[in-house]
Amino acid sequence: MRNLINYFIVAFAILWSGGAATYALFNDWSIYGFFLGVYLLKKRGISLGSSDYWLLILLNGLVFVQMMVCGGSFTTMIHQVLIATCAYFAAKLVAKDFAPCFVNIMVLFAAISLPFYIAANTGFYGTLLSIADGLPQLGVDNMIANGKQTDLHTLYLYNVYDSDFSVMNLRRNPGPFWEPGRFTIFLNLAIVINLFYFKETVFSKKSIILILANITAMSTTGIAAMVVIFFAYSIKGNMSLMKKTIVASVLLACLPTILSLDFMSDKIGEEMGSDATYSRFGAIAYHMTQIEQSPFLGFGPFLSTVFGRDLASSPNGVSDSVRFFGIPVAIYIWFLLYRGTKVYVIGKFERIVAFVVLMMLAFTQTIMMSPFYYMLYFFANSRGKTIKKNA
């Protein structure tokens, strides 16, 4: 029963941090989650120490101060405090089982997505749209109502679009998430854990499923992150020196081809040359104009209170975290993200790689204030299950 509950908690954190069918669904979940978390902690005999309370006081106290300074709503403040507290409870509850729960969930999502991806690219796209139109759209209806999407249809564990959301004449694989770029964040982390915690090879069944799903997502940042992972694996992977040399050589040989792919070269050139707020680098400039107005305190969940509701789309999670937390706490949060890797990655070098990959992936998605990333931060004050490190 405990294992089942942990799977539910991890799946909930994943899907409420980017799932299309779950977007803005069950908005009061944090209230029930708080009381459920208190109950489960007590039932399992898990108590919070002084460092736990101080961290919660720091982050939740920051939101309170932001509310006072920005003139924000008390309800918004309580909602944010409950989300952070629930994520803290989740980190404490699932830390020892996070690695297997997360990898198995992502392997399942990836395995389900691949047949749908094949169908979407082999003449059955219209059929998928018709099936989706016959299902309650749940969170997608919320996205459309909020102006976040206009052409998304969900099959719950896979999503399709009216528009030609494709690269190189192939439709991309979003899995259960609202876009492929969100899917690739979780896929890359699952690959990291599978290779650097469980010490599986890149040729294991789970690795192949995760890698194929990641490739079919066709995310520029996702592929770049996976290349970083593979280079690290060629140094620290669970294989002989000869195999490591072969992997490194193949990667080096394939790198020019990877970079020359349309969705890599075109996207990189477009992002580097654009100052639009919806580009990754343009978003930094946009965020900086706001950060300058509150560099140390940030704005927290009260950004629209200060700047109005017509905020431009600016998908850069790293600079967005500075805008949210302020510079000092954002840097501390990044440190917690690194420190928390001890729960799901073994080895100092491997943990650095995991941190770099997580920051790379956040660079293109506003995910650093999601319940899932909050849980990753709070693993810093948790202990994972110790397994023997291979020599």
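It should be noted that the structure appears before, not after, this text.
Residues numbered from 1 in each chain as written. Predicted model: local features only at pLDDT ≥ 70, side-chain atom pairs only at ≥ 80, totals over all residues. Heavy atoms only, no water.

Novice: Break down the nonpolar core for me, with residues and values.
Specialist: By size, the foremost hydrophobic cluster in this structure holds 94 residues, and its most contacted members are Phe98, Phe102, Met106, Tyr344, Phe372 and Tyr373. In contact with Phe102, other than residues within four places in its own chain, are Val10, Ile14, Phe186, Leu189, Ala190, Ile193 and Phe372. (Core = buried A, V, L, I, M, F, W, Y, C linked by side-chain atoms within 4.5 Å. Buried < 20%, exposed > 50% of the residue type's maximum accessible area, 1.4 Å probe, protein only. Contact = heavy atoms within 4.5 Å.)

Novice: Outline unusual backbone geometry, listing residues and values.
Specialist: Non-glycine residue Tyr156 carries a positive phi angle of around 75°. For Lys199, which is not glycine, the phi dihedral falls at a positive 60°.

Novice: Lay out the packing of aromatic side chains with the relevant residues and their values.
Specialist: One pass over the structure, following the stated rule, counts 27 aromatic pairs. Centre to centre, the rings of Phe34 and Phe35 are 5.4 Å apart; their planes meet at 85°, and the pair counts as edge-to-face. By the ring-pair criterion, three or more aromatic residues cluster together here, those being Phe98, Phe102, Phe177, Phe183, Phe186, Tyr344, Phe372 and Phe379. In this structure, Arg171 packs its charged tip against the face of Tyr125, placed 3.5 Å from the ring centre. The cationic tip of Arg351 hangs over the ring face of Tyr338; the distance from NZ or CZ to the ring centre is 4.8 Å. (Phe/Tyr/Trp six-rings, centres within 6.5 Å; stacked < 30°, edge-to-face > 60°. Lys NZ or Arg CZ within 6 Å of the ring centre and 35° of its normal.)

Novice: So what's going on with the pattern of salt bridges? Which residues, and what values?
Specialist: The final tally for this structure, using the stated rule, is 4 salt bridges. The residue Glu350 makes a salt bridge to Lys199 at a minimum N-O spacing of 3.6 Å. With Glu350 in helix α17 (residues 348–362) and Lys199 in the loop between α8 (180–196) and α9 (205–217), this pair connects stretches of sequence that are 151 residues apart. Just as Glu350 is buried, Lys199 falls in that class too. A salt bridge links Arg323 to Asp320, with the shortest nitrogen-to-oxygen separation between them at 2.7 Å. In this pair, Arg323 and Asp320 are both assigned in helix α15 (residues 317–325), 3 residues apart and thus about one turn of the helix distant. (Salt bridge = Lys/Arg side-chain N within 4 Å of Asp/Glu carboxyl O. Helix = DSSP H or I, 4+ residues; strand = E, 2+ residues; numbered from the N terminus.)

Novice: Tell me about the environment of Ala380, residues and numbers included.
Specialist: If you trace the backbone, Ala380 turns up in the segment after α18 (371–378). For the pair formed by Ala380 and Gly340, sequence separation is 40 residues and the distance between their alpha carbons is 3.8 Å. If near-sequence neighbours (up to four positions away) are discounted, Ala380 is found in contact with Leu336, Arg339, Gly340 and Lys342.

Novice: Give a description of α8 that names residues and reports values.
Specialist: Taking 1.5 Å as the rise per residue, α8 with 17 residues should run 24 Å; its terminal C-alpha atoms sit 24 Å apart, in good agreement. Taken across its 17 residues, α8 has 17 buried, putting it largely inside the fold. (Expected span 1.5 Å × (residues − 1).)

Novice: With reference to specific residues and values, describe the side chain of Gln80.
Specialist: Along the chain, the position of Gln80 falls in helix α4 (residues 74–94). Non-local contacts of Gln80, meaning those with residues more than four positions away in its chain, are made with Val63, Pro301, Phe324 and Tyr374.

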